[in-house]
Amino acid sequence: DAGVTQSPTHLIKTRGQHVTLRCSPISGHKSVSWYQQVLGQGPQFIFQYYEKEERGRGNFPDRFSARQFPNYSSELNVNALLLGDSALYLCASSLTGYQPQHFGDGTRLSIL
Amino acid sequence: ILNVEQSPQSLHVQEGDSTNFTCSFPSSNFYALHWYRWETAKSPEALFVMTLNGDEKKKGRISATLNTKEGYSYLYIKGSQPEDSATYLCASILFSGGYNKLIFGAGTRLAVHP
């Protein structure tokens, strides 16, 4: 079975632009979570979706938004990009959200 | 402020040494604790899910314990091998107001030298 897949793997943007990151969960997993990871820190929780509804939200500004589609794939959108948004963005899926998270390889976002 | 703290930040041991590290988490609204191993150039891999106070889980040479009343978990590695070198992350799941929050610690970076 395919694992969690994320696209793109790398992305370079400039300040003020917006970005859309995509995630396909493991088949059968209904929960998708998004994390931001900067060097030296653990992953910071951004959102969790389950059955297309937002179930959890971390301490991120409204520039960050996400959604989950009927096939359980998900998008993370970030508007008005700032230099500080440069990070590795990880997506993880699980059956319900409480089970262990299965992570994708991440999208490396660089803001110039 | 909800923080998950891990110590030590990094650890260097010799092959064959046993080692342990700590994860401290808020004990209120606790739902579960996860341990993950994150090897360089790979994605984090789940090791354990722990929910009950006094839980003890084991997977080969790695084991973990949980104390939800005082808010800590220990991860033990017996007879460390070079392939155990990785960052070990713990994550606390808190459930409050109908919402989950998954809070990761910064990790313990383990290097096992042959």
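For the structure, check the block above.
Scope of this entry: the structure provided in the associated data block. (Residues numbered from 1 in each chain as written. Chains lettered and ligands numbered in written order. Predicted model: local features only at pLDDT ≥ 70, side-chain atom pairs only at ≥ 80, totals over all residues. Heavy atoms only, no water.)

**Notes on the overall build of chain B**
Then, in step 1: The helix and strand tally for chain B stands at zero helices and eleven strands.
Then, in step 2: In chain B, the order of α-helices and β-strands from amino to carboxyl end is β-β-β-β-β-β-β-β-β-β-β.
Then, in step 3: Expected size for 114 residues packed as a compact globule is a radius of gyration near 13 Å; at 14 Å, chain B falls within 12% of this value.
Then, in step 4: For chain B, buried positions account for 49% of its 114 residues.
Then, in step 5: The long-range share in chain B, meaning contacts at least 24 apart out of those at least 6 apart in sequence, stands at 53%. (Helix = DSSP H or I, 4+ residues; strand = E, 2+ residues; numbered from the N terminus. Rg over C-alpha atoms; globule rule 2.2 N^0.38 Å. Buried < 20%, exposed > 50% of the residue type's maximum accessible area, 1.4 Å probe, protein only. Contact = heavy atoms within 4.5 Å.)

**Notes on the packing of aromatic side chains**
In this description, an aromatic ring pair is defined by two values, namely the gap between the centres and the angle between the planes.
Then, in step 1: For the structure on display, the rule yields twelve aromatic pairs over all chains.
Then, in step 2: Ring centres 6.2 Å apart and planes at 70 degrees place the aromatic pair A:Phe103 and B:Phe104 in the edge-to-face group. Within this pair, whereas A:Phe103 is found in strand β10 (residues 102-103), its partner B:Phe104 is found in strand β10 (residues 99-104), the two belonging to separate chains.
Then, in step 3: Of the residues examined, A:Phe103 reaches a relative accessible area of 7% and is grouped as buried.
Then, in step 4: Cluster of aromatic residues (ring-pair linked, three or more members): A:Tyr35, A:Phe45, A:Phe103, B:Tyr36 and B:Phe104.
Then, in step 5: In this structure, A:Arg55 packs its charged tip against the face of A:Tyr50, placed 4.2 Å from the ring centre. (Phe/Tyr/Trp six-rings, centres within 6.5 Å; stacked < 30°, edge-to-face > 60°. Lys NZ or Arg CZ within 6 Å of the ring centre and 35° of its normal.)

**Side note on the sheet that holds strand β7 (residues 62-67) of chain B**
Residues and elements named next belong to chain B.
Then, in step 1: Sheet architecture is open: five strands sit in the order β1-β3-β8-β7-β6, paired in antiparallel fashion. Edge positions in the sheet fall to β1 (5-7) and β6 (56-59), since each of these pairs with one other strand and no more. Recorded for the sheet is a direction-independent mean angle of 15 degrees between the axes of neighbouring strands. (Pairing = 2+ DSSP bridges. Axes fitted to C-alpha atoms, helices over the stretch in contact; angles between N-to-C directions.)

**Section: unusual backbone geometry**
The phi angle of most residues is negative, glycine excepted, and most peptide bonds adopt the trans form.
Then, in step 1: The omega angle of the peptide bond from A:Ser7 to A:Pro8 is -10 degrees, so this bond is cis rather than trans.
Then, in step 2: Within the element layout of this structure, A:Pro8 appears in the loop between β1 (5-7) and β2 (10-13).
Then, in step 3: Between B:Ser7 and B:Pro8 the backbone carries a cis peptide bond, its omega angle lying at -5 degrees.
Then, in step 4: Residues other than glycine seldom take positive phi values, yet B:Ala41 does so here, at roughly 70 degrees.
Then, in step 5: Of note, B:Ala41 is situated in the loop between β4 (30-38) and β5 (45-50).

**Some words on the sheet that holds strand β8 (residues 74-78) of chain A**
Backbone hydrogen bonds hold the strands of a sheet together, and the pairing may be parallel or antiparallel.
Residues and elements named next belong to chain A.
Then, in step 1: Read from one edge of the open sheet, four strands run β1-β3-β8-β7, paired in antiparallel fashion. The open sheet has two free edges, formed respectively by β1 and β7 (64-68), since each of these has just one partner strand. Between one strand axis and the next, the sheet turns by 15 degrees as a mean value, whatever way the strands run.
Then, in step 2: Alignment of β1 against strand β3 (residues 19-24), held across three bridges, turns out to be antiparallel. From the neighbouring strand, Ser7 faces β3, where its bridge partner is Arg22.

**Observations regarding the interface of chain B and chain A**
Then, in step 1: Counting residues at the interface gives 19 residues for chain B, matched by 24 residues for chain A.
Then, in step 2: For the pair chain B and chain A, the summed buried area comes to about 1700 Å², and 60% of that belongs to carbon and sulfur atoms.
Then, in step 3: The largest share of the area that chain B buries against chain A comes from B:Asn100, B:Leu102 and B:Phe104, three residues that together contribute 31% of it.
Then, in step 4: Counting across the chain B and chain A interface gives zero salt bridges.
Then, in step 5: For the pair chain B and chain A, the interface holds two residue pairs in polar contact (both at pLDDT 80 or more).
Then, in step 6: For the side of chain B that touches chain A, the elements supplying multiple residues, two or more each, are β4, β5, β9 (86-96) and β10 of chain B. (Buried area = accessible area lost by both parts, 1.4 Å probe. Salt bridge = Lys/Arg side-chain N within 4 Å of Asp/Glu carboxyl O. Polar contact = N/O pair within 3.5 Å; in protein donor to acceptor, adjacent residues only side chain to side chain.)

**Let's talk about the pattern of salt bridges**
Residues and elements named next belong to chain A.
Then, in step 1: Applying the stated rule across the entire model yields eight salt bridges over all chains.
Then, in step 2: Linking Arg67 and Glu75 is a salt bridge whose minimum nitrogen-to-oxygen distance equals 3.4 Å.
Then, in step 3: By relative accessible area, which is 45% here, Arg67 ends up partly exposed.
Then, in step 4: Under the relative-accessibility criterion, Glu75 is labelled buried at 11%.
Then, in step 5: By sharing partners, the salt bridges in this structure join Arg22, Arg67 and Glu75 into a single network.

**Remarks on the environment of B:Gln81**
Residue and element names in this part refer to chain B.
Then, in step 1: Checked against the element boundaries, Gln81 lands in the loop between β8 (72-77) and β9.
Then, in step 2: According to the relative accessible area criterion, Gln81 is partly exposed, its value standing at 23%.
Then, in step 3: In this structure the C-alpha to C-alpha distance between Gln81 and Ser18, which are 63 residues apart in sequence, comes to 9.5 Å.
Then, in step 4: Look past the residues within four positions of Gln81 in its chain and what remains in contact with it is Glu15, Gly16, Arg61 and Val112.
Then, in step 5: Within the structure, Gln81 has its side chain in polar contact with the backbone oxygen of Gly79 (distance 3.2 Å).

Note that all results are geometric; they support no functional claim without further evidence.
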